[in-house]
2 protein chains.
Amino acid sequence: AGDAEAGKAKAAVCAACHGQNGIAQIPMYPNLAGQHEQYLASSLKAYKNGQRKGGQAAIMQGQAAALSDEDIANLAAYFASLPADGE
Amino acid sequence: AGDAEAGKAKAAVCAACHGQNGIAQIPMYPNLAGQHEQYLASSLKAYKNGQRKGGQAAIMQGQAAALSDEDIANLAAYFASLPADGE
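Draft legend 1. Region of the structure containing the side chain of B:His36. Mapping B:His36 onto the fold places it in the loop between α2 (15-18) and α3 (37-48). For B:His36, a relative accessible area of 18% corresponds to the buried category. At 3.0 Å, the side chain of B:His36 forms a polar contact with the side chain of A:Asn31. Residues contacting B:His36, with those up to four places away along its chain left out, are A:Ala24, A:Ile26, A:Pro27, A:Tyr29, A:Asn31 and B:Ala80.

Okay, here's the thing in structure tokens:
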């Protein structure tokens, strides 16, 4: 499992679309707070590998391309640790 | 926007992986409860169109292939209406 504290340190860029607390203010973007760590990591890898298209996937492909497997694990741990209701 | 009640009537098959309350009991599957309606609809369309690969996308492509645009809108409305903390 990832290191949520290390993930937090990498998550500033995510907040622009997914919210400071992992709750997206723009409804085309998903909330990440409280999502399962394993699913978050799987999704980030799919974006990085170019396996997701459609919607805003091009943005995420660019973001995920810069992430190592460790970064992905840490970010997944961080967002999974946030309360799903944003509070 | 979709009709959450109509979505609920279509959602029984979703529960096997995503939980009766939209909270997945299996961590490789995402929680859907309280997710943004627009994102849920966009994701379902991407699965239906074969634009998502990797992870468990093949399962979702099969499921989404059977859904009309109206079904997608209704399912998105239904899961968006559920509380994100599952309670």
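Moving on, there is more to tell.
Draft legend 2. The packing of aromatic side chains, seen in detail. Taken as a whole, this structure holds two aromatic pairs over all chains when the rule is applied. When the ring centre of A:Tyr47 is taken as reference, the NZ or CZ atom of A:Arg52 above it lies at 5.0 Å.

Draft legend 3. The state of the cysteines, seen in detail. Residues and elements named next belong to chain B. Summed over the entire model, instances satisfying the criterion amount to zero disulfides over all chains. Cysteine 17 provides the cysteine sulfur closest to cysteine 14, a residue in no disulfide bond, and the two sulfurs are 9.3 Å apart. The exposure class assigned to cysteine 14 is buried, which follows from its relative accessible area of 18%.

Draft legend 4. Region of interest: the environment of B:Gln51. Looking at where B:Gln51 falls in the secondary structure, it is placed in the loop between α3 and α4 (57-65). Spatially, the C-alpha atoms of B:Gln51 and B:Gln61 are 8.9 Å apart, while their sequence positions differ by ten residues. Residues in contact with B:Gln51, not counting those within four places in the same chain, are A:Gln51, A:Arg52, A:Lys53, A:Gly54, B:Lys45 and B:Ala46.

Draft legend 5. The arrangement of the pattern of salt bridges in detail. Residue and element names in this part refer to chain A. Under the counting rule described, the total for this entry stands at two salt bridges over all chains. Notably, a salt bridge pairs lysine 10 with aspartate 71, separated by 3.6 Å at the nearest N-O pair. Of the two residues, lysine 10 is situated in helix α1 (residues 4-10) and aspartate 71 in helix α5 (residues 69-81); the sequence distance between them amounts to 61 residues. Under the relative-accessibility criterion, lysine 10 is labelled partly exposed at 43%.

Draft legend 6. Spatial organisation of the interface of chain B and chain A. Across the contact, 22 residues belong to chain B and 22 residues belong to chain A. With both sides pooled, the region where chain B packs onto chain A buries about 1800 Å², and carbon together with sulfur makes up 46% of that total. Here chain B is connected to chain A by 13 residue pairs in polar contact (both at pLDDT 80 or more). For the side of chain B that touches chain A, a count of residues per class yields ten nonpolar, nine polar and three charged.

Thresholds, definitions, all that
- Residues numbered from 1 in each chain as written.
- Chains lettered and ligands numbered in written order.
- Predicted model: local features only at pLDDT ≥ 70, side-chain atom pairs only at ≥ 80, totals over all residues.
- Heavy atoms only, no water.
- Helix = DSSP H or I, 4+ residues; strand = E, 2+ residues; numbered from the N terminus.
- Buried < 20%, exposed > 50% of the residue type's maximum accessible area, 1.4 Å probe, protein only.
- Polar contact = N/O pair within 3.5 Å; in protein donor to acceptor, adjacent residues only side chain to side chain.
- Contact = heavy atoms within 4.5 Å.
- Phe/Tyr/Trp six-rings, centres within 6.5 Å; stacked < 30°, edge-to-face > 60°.
- Lys NZ or Arg CZ within 6 Å of the ring centre and 35° of its normal.
- Disulfide = S-S within 2.5 Å.
- Salt bridge = Lys/Arg side-chain N within 4 Å of Asp/Glu carboxyl O.
- Buried area = accessible area lost by both parts, 1.4 Å probe.
- Nonpolar A, V, L, I, M, F, W, Y, C, P; charged D, E, K, R; others polar.

So yeah, pure geometry; function would need other evidence.
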